[in-house]
Amino acid sequence: MSKIHVVTRVNDEKVEFLCEPQETLLDVLRNKLNLTGTKEGCATGDCGACSVTLDGRLVCSCLTLAAETKGKSVGTIEGVADGDTLHPVQQKLLEHAALQCGVCTPGYVIAIKALLEKNPDPSESEIRYWLAGNLCRCTGYDKIITAVQDLAGQSDKFKEVV
Amino acid sequence: MKTETQNSHIGETLGHDSAILHVRGSARFTDDIREPRDILHAAIGLSEYAHATLVQVDLEKVRQAPGVIAVITAKDIPGANNFGAVLADDPILADTLVEYHGQAIFAVAATSANAARKAVLSASINYQDLPAILTARAAAEAHSYILPTEKLDSGDSQSAIDSACHQLSGEVNLGGQDQFYMEGQIAIATPEEQGAMQIYSSTQHPSEVQHIVAQALNIQSKDVTIICRRMGGGFGGKESQPSQFAALAAILAQKTKRPVKLRLDRDTDMRVTGKRHDFNIRYTVGFDKLGLIEGIEFKFSARCGMSADLSGAINDRTMFHCDNAYYLPNISIQSYRCKTNTVSNTAFRGFGGPQGMFAIEYVIDEIARYLNKDPLSIRRKNFYGIKNRNITPYQQKIRDNVIWRIVSELQTTSDYQQRKQDIAEFNANSRFQKRGIALTPVKFGISFTALHLNQAGALVHIYQDGSIHLNHGGTEMGQGLFTKVAQVVAEEFQVRPDLIKITATDTSKVPNTSATAASSGSDLNGKAAQQAALIIKARLIDFAADKYDIHTSEVIFKDSRVYIGDQSLPFEDLINQAYMARISLSSTGFYRTPKIHFDRTTFTGNPFYYFSYGAAVSEVLVDTLTGEHRLLRTDILHDCGNSLNPALDIGQIEGGFMQGVGWLTSEELCFSDQGELETHAPSTYKVPLCSDTPEDFRVNILRHNPNKENTIYRSKAVGEPPLMLGLSVFFAIKDAISSIANSALQAPATPESVLNTIKQNHLS
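What counts, and where the lines are drawn
Residues numbered from 1 in each chain as written. Chains lettered and ligands numbered in written order. Predicted model: local features only at pLDDT ≥ 70, side-chain atom pairs only at ≥ 80, totals over all residues. Heavy atoms only, no water. Helix = DSSP H or I, 4+ residues; strand = E, 2+ residues; numbered from the N terminus. Rg over C-alpha atoms; globule rule 2.2 N^0.38 Å. Buried < 20%, exposed > 50% of the residue type's maximum accessible area, 1.4 Å probe, protein only. Areas by Shrake-Rupley, 256 points an atom, 1.4 Å probe, with all protein chains shown as cover. Lys, Arg positive; Asp, Glu negative; His and termini not counted. Charge placed at Lys NZ, Arg CZ, Asp CG, Glu CD. Pairing = 2+ DSSP bridges. Disulfide = S-S within 2.5 Å. Axes fitted to C-alpha atoms, helices over the stretch in contact; angles between N-to-C directions. Contact = heavy atoms within 4.5 Å.

1. Brief notes about the overall build of chain A
Logical step 1: A tally of helices and strands in chain A yields five helices and five strands.
Logical step 2: N-terminal to C-terminal, the α/β element order of chain A is β-β-α-β-β-β-α-α-α-α.
Logical step 3: Computed over C-alpha atoms, the radius of gyration of chain A comes to 16 Å, within 12% of the 15 Å expected from 2.2 N^0.38 for 162 residues, which places it in the range of a compact globule.
Logical step 4: Expressed as lengths along the three principal axes of its C-alpha atoms, the size of chain A is roughly 60 × 30 × 25 Å.
Logical step 5: The burial tally for chain A puts 57% of its 162 residues in the buried class.
Logical step 6: Accessible area of chain A: about 6700 Å², with a carbon and sulfur share of 49%.
Logical step 7: Of the side chains in chain A, 17 bear a positive and 22 a negative charge, and the two mean positions are spaced by 3 Å.

2. Describing the pairing of strand β21 (residues 555-558) of chain B
Remember that side chains alternate between the two faces of the sheet whenever the strand is regular.
Residue and element names in this part refer to chain B.
Logical step 1: Only one face of β21 is covered, namely the face carrying V555 and F557; the face carrying I556 and K558 is uncovered.
Logical step 2: Pairing between β21 and strand β22 (residues 561-564): four bridges, direction antiparallel. In the strand pairing of β22, K558 is matched with R561.
Logical step 3: Two successive antiparallel strands, β21 and β22, enclose a turn made up of two residues, where D559 displays a positive phi of approximately 50°.

3. A few points about the state of the cysteines
Cysteine pairs can be linked by a disulfide, which is a covalent bond between their two sulfur atoms.
Residue and element names in this part refer to chain B.
Logical step 1: The tally for this structure, following the rule as stated, stands at zero disulfides over all chains.
Logical step 2: You can see C322 has no disulfide; the closest cysteine sulfur is in C304, sitting 16 Å from it.
Logical step 3: On the basis of relative accessible area, C322 is assigned to the buried category, the value being 0%.
Logical step 4: The thiol sulfur of C338 is not disulfide-bonded, and the nearest other cysteine sulfur, from C304, lies at 6.4 Å.

4. With respect to the sheet that holds strand β28 (residues 629-638) of chain B
All names here are of chain B.
Logical step 1: Sheet architecture is open: four strands sit in the order β16-β27-β28-β29, paired in mixed fashion. Strand pairing shows two members of the sheet lacking a second neighbour, β16 (433-446) and β29 (696-701), which therefore form its edges. For this sheet, the mean inter-axis angle between neighbouring strands, taken without regard to orientation, is 15°.
Logical step 2: In the sheet, β16 pairs with strand β27 (residues 610-623) via 14 bridges, with the strands oriented antiparallel. Among the inter-strand pairings, K443 is bridged to a residue of β27, identified as Y613.
Logical step 3: Across the face of the sheet, helix α18 (residues 727-737) comes into contact with β16, β27 and β28 while running at roughly 150° to β16.

Below, the structure is given as structure tokens:
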């Protein structure tokens, strides 16, 4: 089977690769482009560890064919910080100690960033349901939710919601 | 948060050492290590029968599949075909008999992971089907046991039950749980010169992987090195399981003379690896009019699966924890370790303890329903006393009981009494939506019950520039162990934690380590690292006292400096001077837990160094038409002794609690009647989501309660105990439906389970 030549943009840089038609974006990122920050948790689109953006839209890279990215723009965890300066989402997750083993964390950073770009002031309920596609087995989620609320500038509302 | 000027790193809310790497996606997990150019990828071929003889295993098509370089079966294993940690009953590859659906029969190495995974599907295997026992209950009826039945008798349960005012007996089934670590099982084996093997393994137990691999390859332990910088979660699932995958990678690497990576995809991981034991629990209890338990008998049947694995110690811990926080003077426990044709169940956070605690909490709840009293009043009635009523069924005297204090404080801060009333009122006026509340305690024994495992080693080097290299036998799985141990070393030298390089667990640096398990990581490794630091520090003090002609008591480490009488110098300057004077700047450290002993023949002794405590109150809203529930509020008060790091400890408490909630409410392992696991991916196996956490979540660490024992800075272990705080949610659901149904609820309390309970037991 002949390989597909793909020209795309990853984290605002032009990238070219050859891939099999059935090859996923996740596998290309990890194995061909050495961008291993994007993780495989389930490979079936149920855990969110492989979250990236495709033309700004939040997608599971395990369910996206690499060939689909032709002419589009892919955003991965490696492109979130500006050099040594962390993105506010990254900073808030640090401040709230909202991570443990770290496998789900890159997916969370991408998903939270996508949420806030779409809706800069999400309610607690919007946060919870937006992030329900990202599994975390360690933290129990509370610190992640609080970190996002903090970013949305509404951390003081948290304990009032019953 | 402690300030820099206090210059103390204990109790500091220091973030996880890898946190910055994690938010940037640059932390290297095993699968992220850059692959050598000639690496091969492995996959394993699985049994499609729960119990069968392998009549013919034809792998010709597998060998000819594109990309395949090597295929191995049991016959290709040069040494021992076993990864059983305790008994040699766990074949790495099944030889002539398969004993569970999903058991590994062969493995392949191919040029890509996809090629390897595709190739294994083209095997042609003839099975001779054999009768399979799938459930604990069926195994108990057939007397199919993997280990001898254990009994513990204390007092005279039979006459105490007979003479009690009331008697109850019943039976409840309690489901298992998949660890569902986000990073699946993985190993990369690289052949080294002279037949040696180096393996990156995602493991809680590098030393065991080392020993199993050496035996499988028929080489010595000195020729096998295991390295693990971090795991993407472990939860017990990487205690005994990783050695099978490391061994397979190593055997293929030895055969092909090329590096081999074996990474299980999620579905294979869930099919092949062991889980929390599911239980059938039967009980008989006698109690007085106020609910004081006078005598109790438990029969525990645990589904151990096809091999012993760690089931002995796990079921022992069930026996040690079916008292939870209650004084049970007349008790009889029978523990049946059932052999079934299912995957061999294994360690999972709590290690059998949660199942024992579930049992006694269930009985307490049933007593309360019978007497029509608040379950909390029955709990309080039966709590261990401080000065008397403080001997466990295994005859250990409890010296650190804080359950009264925790429950009283939590009862007040959670406004339990008022809410209990409000809920009764709400339920009286709400036909289909019912609320429920429960406050459940936790008392958890800390130490490995196998005495020899309670030891640890560490290795500390100081380089000429004053920077410090830290290594110990503990493993990092996200819990923050490496951060805590670095805090200990920073505290001893009074330097900033970022001066300390935390390094990967490596069997060539610290040998013969125990698994990072039993919540013991910081207790053991913190003490070992402290000892290593103190040995070097003593040398430095002697050197400084000698050089500056001053008494050793006048050499003081503080604020990254060393004060020597009237003068002071930077830490790194003293290090450099010591180096020039030929003082050794490297030391090992070693620790073994004192005071513990246990006689297995009588089931008595002091198996635990101390106990960790906690309690949770949860309130739920149950829709009795659908069986669904919402977790409205949870309040937790948990005992960490003097917390080494409150940020990390609260992370353990919250994460453990939610994992316990998942175990008891949403995570259901379904097996077909052929013994095939049907819930082997997150599409069907439901771990808690972001939307499932308590809508109002209040978590606090118990203040001013230093460990009575001399643990590292008087802290307490926090890995496992919080999982059992999740019991509060199960019993809140049970409480909610008790107003309309005899609440013989089975666990997990999935919507189906809740709905069935309501339908079958509706009070007319």
